[in-house]
Amino acid sequence: MVNTNTVALRPPRHALDRRAIAWWRAQSALVFGVPVVALVVLGLLIPAAAVPLLVPGAVLAVLGVAWVIALPLWWYRVHRWENTETAVYTRSGFVWQEWRVAPLSRIQTVDTLRGPLEQLFGLATLTVTTASARGAIKIRGLDAEVAARVAEQLTELTQATPGDAT
């Protein structure tokens, strides 16, 4: 007899919202832009230290531009998510990709978070806290309405799922 409640690791079906690309680009631009601006301003204000400040600023700017253009596209291709009647599936990462599955019986809480940039782009992060030593599953870059709907669905499904999530 086959157990229909078995949860297996498999590829999640859903991509993130395409606005996640712009959100990641904005985050990356801030991470690289602030030090580049600081180095350039200091390099221009302190003539004796211009070369030691402007050269790293230029290198950081080139790396930052490459990062901002290329990596969000790669992340968008890699990151996937799905929730079913039995589990939450995610795939994330960059060089090291992480695939996770959380059976509904192991879910303890479901939360959404919307930082300032996420709000600007209409996105949210869904956090599924489980009874796992590995920690919570985070699905970043969801449409805010989709995240709220999935949080509500998961809350209803976990309440109806037998088990104590420990």
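Everything here concerns the structure above.
Cut-off values and rules
- Residues numbered from 1 in each chain as written.
- Predicted model: local features only at pLDDT ≥ 70, side-chain atom pairs only at ≥ 80, totals over all residues.
- Heavy atoms only, no water.
- Helix = DSSP H or I, 4+ residues; strand = E, 2+ residues; numbered from the N terminus.
- Rg over C-alpha atoms; globule rule 2.2 N^0.38 Å.
- Buried < 20%, exposed > 50% of the residue type's maximum accessible area, 1.4 Å probe, protein only.
- Contact = heavy atoms within 4.5 Å.
- Areas by Shrake-Rupley, 256 points an atom, 1.4 Å probe, with all protein chains shown as cover.
- Lys, Arg positive; Asp, Glu negative; His and termini not counted.
- Charge placed at Lys NZ, Arg CZ, Asp CG, Glu CD.
- Expected span 1.5 Å × (residues − 1).
- Bend = angle between axes of the 7 residues up to and from the residue.
- Salt bridge = Lys/Arg side-chain N within 4 Å of Asp/Glu carboxyl O.
- Polar contact = N/O pair within 3.5 Å; in protein donor to acceptor, adjacent residues only side chain to side chain.
- Phe/Tyr/Trp six-rings, centres within 6.5 Å; stacked < 30°, edge-to-face > 60°.
- 1 Å grid on protein atoms, 1.4 Å probe; cavity = no way out; pocket = protein on both sides within 12 Å on 5 of 7 lines; lining within 4 Å.
- Points joined across faces, edges and corners; volume = space filled by probe spheres on them.
- Nonpolar A, V, L, I, M, F, W, Y, C, P; charged D, E, K, R; others polar.

As a further point, take the overall build of the protein. When you go through the protein residue by residue, the secondary structure sums to four helices and seven strands. For the protein, the succession of helices and strands along the chain, N to C, is β-α-α-β-β-β-β-α-β-β-α. The C-alpha atoms of the protein give a radius of gyration of 21 Å, which is well past the 15 Å a tight globule of 166 residues would have. Overall size of the protein, expressed as C-alpha extent along the three principal axes, is 75 × 30 × 30 Å. Out of the 166 residues in the protein, the part that is buried amounts to 37%. Intrachain contacts of the protein at a sequence separation of at least 6 include 56% that bridge at least 24 residues. Of the roughly 9800 Å² of accessible surface on the protein, a fraction of 64% belongs to carbon and sulfur atoms. When the 15 basic and 11 acidic side-chain charges of the protein are each reduced to a single mean position, those positions are 10 Å apart.

What follows concerns helix α2 (residues 50–78). With 29 residues, α2 should cover 42 Å at 1.5 Å per step; its first-to-last C-alpha distance of 41 Å lies within 8% of that length. The largest bend in α2 comes to about 30°, at W67. Those residues of α2 lying buried are A50, L53, G57, G64, V68, L71, P72, W75, Y76 and V78.

Moving on: the pattern of salt bridges. One pass over the full model with this rule turns up four salt bridges. D17 is paired through a salt bridge with R19; the nearest N and O atoms lie 2.8 Å apart. With a relative accessible area of 32%, R19 lands in the partly exposed category. Via salt bridges that share partners, D17, R19 and D143 belong to a single interconnected network.

So, on to the side chain of E118. Following the sequence through the fold, E118 ends up in helix α3 (residues 116–121). Put simply, E118 is tucked away with no salt bridge, and the nearest opposite charge, on R114, sits 6.6 Å away. Among the polar contacts made by the side chain of E118, one reaches the side chain of T125 at a distance of 2.5 Å. In this view, E118 contacts W23, L113, L123, A124 and T125; residues no more than four positions away in its chain are not counted.

A separate point is the packing of aromatic side chains. Think of a pair of aromatic rings as described by two things: how far the centres are apart, and how the planes are tilted against each other in angle. On inspection of all chains with the given rule, the structure shows four aromatic pairs. On the numbers, 5.7 Å between centres and 50° between planes, the contact of F32 with W67 is tilted. Of this pair, F32 sits in helix α1 (residues 19–45) while W67 sits in helix α2, and the two are 35 residues apart along the sequence. The class for W67 is partly exposed, based on a relative accessible area of 33%. Consider the rings of W67 and W75, whose centres lie 6.1 Å apart with planes at 75°: the pair is edge-to-face. For W75, a relative accessible area of 15% corresponds to the buried category.

On to the layout of surface pockets. Its boundaries defined by the atoms lining it, the largest pocket holds a volume of some 230 Å³. Listed by contribution, the elements that provide at least two residues to the lining of the largest pocket are β2 (80–83), β3 (87–93), β4 (97–103) and β7 (137–143). Element by element, the count of residues in the lining of the largest pocket is highest for β7, at four residues. Here the lining of the largest pocket is composed, by residue class, of six nonpolar, three polar and seven charged.

The analysis is restricted to geometry; functional conclusions fall outside its scope.
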